[in-house]
Amino acid sequence: RSFYFASRFLGPQDTARAAGLYGICRQIDDLADETQDRAALADLKDHLARRDTSHPLVAEYFSLSSDMPSQPLIDLIDGALSDLDWVAFESQDQLEHYAYQVAGTVGLMMCGVFGVRDPNAVSHAVALGQAMQLTNIARDLVTDAKMGRRYMPAHWCGDLSPADIAHPTAEQREAMQPGLVLMLDRADELY
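Residues numbered from 1 in each chain as written. Predicted model: local features only at pLDDT ≥ 70, side-chain atom pairs only at ≥ 80, totals over all residues. Heavy atoms only, no water.

As for unusual backbone geometry
Moving on, step 1. Located in the positive-phi region is Gln36, a residue other than glycine, with phi close to 50 degrees.
Moving on, step 2. With respect to the helices, strands and loops of the structure, Gln36 is situated in the loop between α2 (12-33) and α3 (38-49).
Moving on, step 3. In the Ramachandran plot, Arg51 falls in the positive-phi region, its phi being about 55 degrees despite a non-glycine side chain.
Moving on, step 4. As for its position among the elements, Arg51 is in the loop between α3 and α4 (56-63).
Moving on, step 5. Owing to a relative accessible area of 45%, Arg51 belongs among the partly exposed residues under this scheme. (Helix = DSSP H or I, 4+ residues; strand = E, 2+ residues; numbered from the N terminus. Buried < 20%, exposed > 50% of the residue type's maximum accessible area, 1.4 Å probe, protein only.)

Concerning the packing of α3 against helix α5 (residues 70-82)
Moving on, step 1. The geometry of α3 relative to α5 is characterised by a closest axis approach of 10 Å and an angle of 165 degrees between their N-to-C directions. By the angle between their directions, the pair α3 and α5 is classed as roughly antiparallel. The two elements α3 and α5 meet at a crossing, and its hand is left-handed. The segment α3 lies against α5, with Arg38, Leu41, Leu44, Lys45, Leu48 and Ala49 engaging Ser70, Leu73, Ile74, Ile77, Asp78, Ala80 and Leu81. (Axes fitted to C-alpha atoms, helices over the stretch in contact; angles between N-to-C directions. Parallel < 35°, antiparallel > 145°, perpendicular 65-115°, else oblique. Left-handed = near helix turned anticlockwise from the far one by under 90°. Contact = heavy atoms within 4.5 Å.)

Digging into helix α6 (residues 92-114)
Moving on, step 1. The first and last C-alpha atoms of α6 sit 31 Å apart over 23 residues, in line with the 33 Å expected at 1.5 Å per residue.
Moving on, step 2. The sharpest bend along α6 measures roughly 45 degrees and falls at Gln101.
Moving on, step 3. Just downstream of α6 lies Gly115, where phi reads positive at about 70 degrees. (Expected span 1.5 Å × (residues − 1). Bend = angle between axes of the 7 residues up to and from the residue.)

Let's talk about the pattern of salt bridges
Moving on, step 1. Enumeration according to the criterion identifies 13 salt bridges in this entry.
Moving on, step 2. Here Glu189 and Arg186 are joined by a salt bridge, their closest N and O atoms 2.9 Å apart. You can see Glu189 and its partner Arg186 sitting in helix α11 (residues 170-190), three residues apart, about one turn around the helix.
Moving on, step 3. Glu189 sits in the exposed class, given a relative accessible area of 59%.
Moving on, step 4. Within this structure, Arg26, Asp29 and Asp30 form a network of salt bridges that share partners. (Salt bridge = Lys/Arg side-chain N within 4 Å of Asp/Glu carboxyl O.)

The analysis is restricted to geometry; functional conclusions fall outside its scope.
Dropping the structure here:
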């Protein structure tokens, strides 16, 4: 719904390219979350690093615009790969690095889609992506925990395990509240 609303402010060509990028990112996310296909993600990353368009997703990606950078999509793939392991962040730096990988990179790639080169705009695009990801993490805290992922840093919530977050006691729920506030405050700063 939000993409449809945003598309009303774009021309048809920009809307098509943004939708194409969204589709690519969605496929990468599905490889991690739905199929957990580490080999397919590694193969995609390899083709991308070599700018080898024999891989259909790489060809589609570079067809979006002549300004499409490789590194943000590689970083996104690294973020997706990290979700295949046990996730229990210790620090805010780890959380923000992950938010960059899986969402700040999308801001960078959207700059490529739209031909944006202004460094101020690019940094704001990264910050917007990170803010959106922090908001999503706060919203999906329990859902992610059920998949074995604790994105909330330990120094914000103690050493709660994903299982603790998925099925918290009243005391554990109370321990998570300050971390949620810190996460949403940081998202507000980035917005």
